[in-house]
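Single-letter residue listing:
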Amino acid sequence: GERAARGWPQEVLAERAQVGATTVRDLEHGRVRPSDRMTRRLAGALAFDRDPISVALLDLRLQRAAGPSLRRWNRRRPPRKATQRVYAEALARLDAEDARKRDERAERHDSAATFLAEFERTLLEGPAPVPPRLAPADVWSGRWPRVRS
């Protein structure tokens with residue numbers, strides 16, 4: 001999605017992420033499972049012109065998109081404190097964004113439920129009164145409207 005939005009071929013993304021073009025192709029076609037390292041590399045390559053929080057946010061989005069297929073590597077040492085702070089802020093932003101989207105979906109659901117309740121109420125009240133039929137003379141006066149130019 002992000003690669004195509006920028007108009008980059010797979011080879012450009014592969015070069016920027018320092019991976020092989022076949023790796024990018026296989027990831028996009030779902031032939032291989034992404035790893036947390038790979039999502040970090042791809043996020044760094046796609047968001048190279050943004051601040052570190054935006055890169056971490058894109059990394060977390062890629063990890064969430066991978067879902068249970070994401071492979072996590074065991075680390076010998078924990079990430080640096082600065083990296084932990086950046087990812088904590090990015091995670092907070094992502095959670096707030098998800099909560100906002102959930103609220104919007106709930107609001108749409110509530111408005112749909114309100115419409116459905118109103119529709120059912122009108123059905124129970126019976127059909128709306130039929131307006132009287134217009135006579136041909138009421139519809140067409142016999143003259144074209146005057147157009148001023």
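What you are looking at is a predicted structure, and each value in this text was computed from that prediction instead of being measured.

Reading guide: rules and limits
Residues numbered from 1 in each chain as written. Predicted model: local features only at pLDDT ≥ 70, side-chain atom pairs only at ≥ 80, totals over all residues. Heavy atoms only, no water. Core = buried A, V, L, I, M, F, W, Y, C linked by side-chain atoms within 4.5 Å. Buried < 20%, exposed > 50% of the residue type's maximum accessible area, 1.4 Å probe, protein only. Helix = DSSP H or I, 4+ residues; strand = E, 2+ residues; numbered from the N terminus. Contact = heavy atoms within 4.5 Å. Patch = residues over 30% accessible without salt bridge, like charges linked within 9 Å, V, L, I, M, F, W, Y side chains within 5 Å. Areas by Shrake-Rupley, 256 points an atom, 1.4 Å probe, with all protein chains shown as cover. Salt bridge = Lys/Arg side-chain N within 4 Å of Asp/Glu carboxyl O. Axes fitted to C-alpha atoms, helices over the stretch in contact; angles between N-to-C directions. Parallel < 35°, antiparallel > 145°, perpendicular 65-115°, else oblique. Left-handed = near helix turned anticlockwise from the far one by under 90°. Nonpolar A, V, L, I, M, F, W, Y, C, P; charged D, E, K, R; others polar.

Enquirer: Report on the nonpolar core, specifying residues and quantitative values.
Expert: Counting 14 residues, the largest nonpolar core has L13, V19 and L42 as the members making the most contacts within it. Those elements that place two or more of their residues in this core are α2 (10–17), α3 (21–28) and α4 (36–46). For this core, the leading source of residues is α4, giving five residues. Not counting chain neighbours up to four residues away, the residues in contact with V19 comprise A14, V24, M38 and R41. Counting residues in hydrophobic clusters, the runner-up holds six residues, among them A56, L57, L60 and A90.

Enquirer: Give a detailed account of α4, specifying residues and quantitative values.
Expert: Among all positions of α4, only D36, M38, T39, L42, A43, A45 and L46 are buried. Tucked into the core, α4 has its buried residues touching α1 (2–6), α2, α3 and α5 (52–66).

Enquirer: Please set out a nonpolar patch on the surface residue by residue, giving values where relevant.
Expert: There is a patch of nonpolar side chains on the surface, built from F115, L116, F119 and L123 and spanning about 440 Å² of accessible area. Tracing the backbone shows L116 in helix α6 (residues 81–125).

Enquirer: Let's hear about the pattern of salt bridges: which residues, and what values?
Expert: Evaluation of the coordinates by the stated rule reveals nine salt bridges. Note that D95 and R64 form a salt bridge whose closest N and O atoms lie 2.8 Å from each other. Here R64 lies in helix α5 and D95 lies in helix α6, a separation of 31 residues in the sequence. For R64, a relative accessible area of 41% gives the class partly exposed. D98 is the partner of R64 in a salt bridge, and the nearest nitrogen-oxygen pair spans 2.3 Å. Residue R64 is found in helix α5, and its partner D98 is found in helix α6; the two are separated by 34 residues along the sequence. Assessed through its relative accessible area of 22%, D98 is described here as partly exposed. One network of salt bridges, with partners in common, ties together R61, E97 and K101.

Enquirer: Can you explain the packing of α2 against α3? Please cite residues and give values.
Expert: At a minimum axis distance of 8 Å, the contact between α2 and α3 shows a crossing angle of 115 degrees. When the axis of α2 is compared with that of α3, the two are roughly perpendicular. When you trace α2 past α3, the crossing you get is right-handed. Where α2 abuts α3, its residues Q10, E11, L13 and A14 lie against A21, V24, R25 and E28. Within the contact of α2 with α3, the residues separate by chemical class into four nonpolar, one polar and three charged.

Enquirer: Could you give an account of the packing of α4 against α5, with specific residues and numbers?
Expert: For any two helices packed against each other, one specifies the inter-axial angle together with the distance between the axes. At a minimum axis separation of 8 Å, α4 and α5 run at an interaxial angle of 135 degrees. Regarding the angle of α4 to α5, the classification is oblique. Here the hand of the crossing between α4 and α5 comes out right-handed. Contacts between α4 and α5 involve D36, T39, R40, L42, A43, G44 and L46 from the former and V55, L58, D59, L62 and Q63 from the latter. For the contact of α4 with α5, a count of residues per class yields six nonpolar, three polar and three charged.

Enquirer: If you had to explain unusual backbone geometry to someone new, which residues and values would you point to?
Expert: At Q18, a position not held by glycine, the phi torsion is positive, near 60 degrees. Mapping Q18 onto the fold places it in the loop between α2 and α3. Look at Q18 and you get exposed, because its relative accessible area is 64%.

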